[in-house]
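Examination of the molecular architecture
So the chains spell out like this:
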Amino acid sequence: MNEKRVGKRTIALSHPPSVISYANIGGNQESKGPLSSYFDELSEDSFFGEKTWEKAESTMQKKVVQRAMDQARLKPGDLDYICAGDLLNQCIGSSFGLRDFGIPFYGLYGACSTMGESLSLAAMLIDGGYASRVAAVTSSHFCTAERQYRMPVPYGNQRPPTAQWTATAAGCTILAEDGPGPYITHVTCGKIVDRGVSDVNNMGAAMAPAAYDTLSAFFRDTGTKPQDYDLVVTGDLGELGHAIVRDFFSRDGVDLGENFQDCGLLLYDRQAQDMHAGASGCGCSASVLNGYLLSGLRSGRWKRIVFAPTGALLSPTSSFQGESIPGICHAVCISTEK
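Residues numbered from 1 in each chain as written. Predicted model: local features only at pLDDT ≥ 70, side-chain atom pairs only at ≥ 80, totals over all residues. Heavy atoms only, no water.

**A short note on the overall build of the protein chain**
Across its full length, the protein chain holds ten helices and 16 strands. Across its three principal axes, the protein chain shows a C-alpha extent of roughly 55 × 50 × 35 Å. The buried share among the 338 residues of the protein chain stands at 58%. Residue pairs in contact within the protein chain that sit at least 24 positions apart in sequence constitute 77% of those at least 6 positions apart. For the protein chain, the exposed surface amounts to about 13600 Å²; the carbon and sulfur share of it is 49%. Both charge centroids of the protein chain, one from 29 positive and one from 36 negative side chains, sit 3 Å from each other. (Helix = DSSP H or I, 4+ residues; strand = E, 2+ residues; numbered from the N terminus. Buried < 20%, exposed > 50% of the residue type's maximum accessible area, 1.4 Å probe, protein only. Contact = heavy atoms within 4.5 Å. Areas by Shrake-Rupley, 256 points an atom, 1.4 Å probe, with all protein chains shown as cover. Lys, Arg positive; Asp, Glu negative; His and termini not counted. Charge placed at Lys NZ, Arg CZ, Asp CG, Glu CD.)

**Quick notes on the side chain of Thr-234**
With respect to the helices and strands, Thr-234 occurs in strand S10 (residues 231-234). Note on Thr-234: relative accessible area 0%, which makes it buried. A polar contact is formed between the side chain of Thr-234 and the side chain of Asp-262, at a distance of 2.6 Å. (Polar contact = N/O pair within 3.5 Å; in protein donor to acceptor, adjacent residues only side chain to side chain.)

**Here we look at the packing of helix H4 (residues 114-127) against helix H9 (residues 282-299)**
The N-to-C vectors of H4 and H9 enclose an angle of 55 degrees; their axes lie 8 Å apart at closest approach. Classed by the angle they form, the pair H4 and H9 counts as oblique. Here Thr-114, Met-115 and Leu-119 of H4 lie close against H9, whose contacting residues are Cys-282, Ser-285, Ala-286, Leu-289 and Asn-290. Residue classes in the contact of H4 with H9 are distributed as five nonpolar, three polar and no charged. (Axes fitted to C-alpha atoms, helices over the stretch in contact; angles between N-to-C directions. Parallel < 35°, antiparallel > 145°, perpendicular 65-115°, else oblique. Nonpolar A, V, L, I, M, F, W, Y, C, P; charged D, E, K, R; others polar.)

Listed below in structure tokens is the structure:
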């Protein structure tokens, strides 16, 4: 593995795996956003035909994996592993949603960074010769997240300006050892970064230091700068977190430029949809990646992007006990060329 490293934390994959298929699913709010045309399926029913919101999230995961497999003309037995996660306790959205496929399963938890974590591990499994095809899957649901982390939805609590809207969405990327691309060329593993933010309604500020840490490591290790990429996209920092990361880099004399974007600012029309600081949730970056971003790479709109979703590693228990909110960010470089 040492010969593959380009720095302390960044790995240059020797045999970059190819994206052979991708799919995403969204809910009602996602259907009203500016990226609605990039979704494979949109539903006005927050229950997705199920009796509970938790079962609805599992159904989203099941559907999005099936869609991705269908597009690649694959059967469950054609996948060596599936790497999946969500925001629910014990990742029940993933385990209950994917149990019937019979695919060897790695359940992951990186909070809203899980799409980056699952994609990183899937790419390394293939690059290391341990798999030929791996699916990376992530989801979130507004109502399940609100019930678990904040207030019961019927309570109708008022949200402060720094609050973000958890996306009701799921995304699946299938990687393979061979294919036409785009390719995962580099992976940077995030570190847990905690700067003492404890406000559960200000996730952007809690996660921004982790995004700065991981992106700094990526640029330093690869010897590149933000302008070398068509897009540098963080996960769901929202308006405040996005501004904080830009400010951190400006203090280092680094201008992130106009190609610095955030999935939380792309998914919704924040004014028309009253989304305050933007979108959040595992499904935010997962759905933006598996629609808007990968479609743009496939069409030739972009040639090389950095995808760096962020996560807040809190739980209801830790918040009730007065703990601060640790952040994490995993980055992958996705390129149309190996």
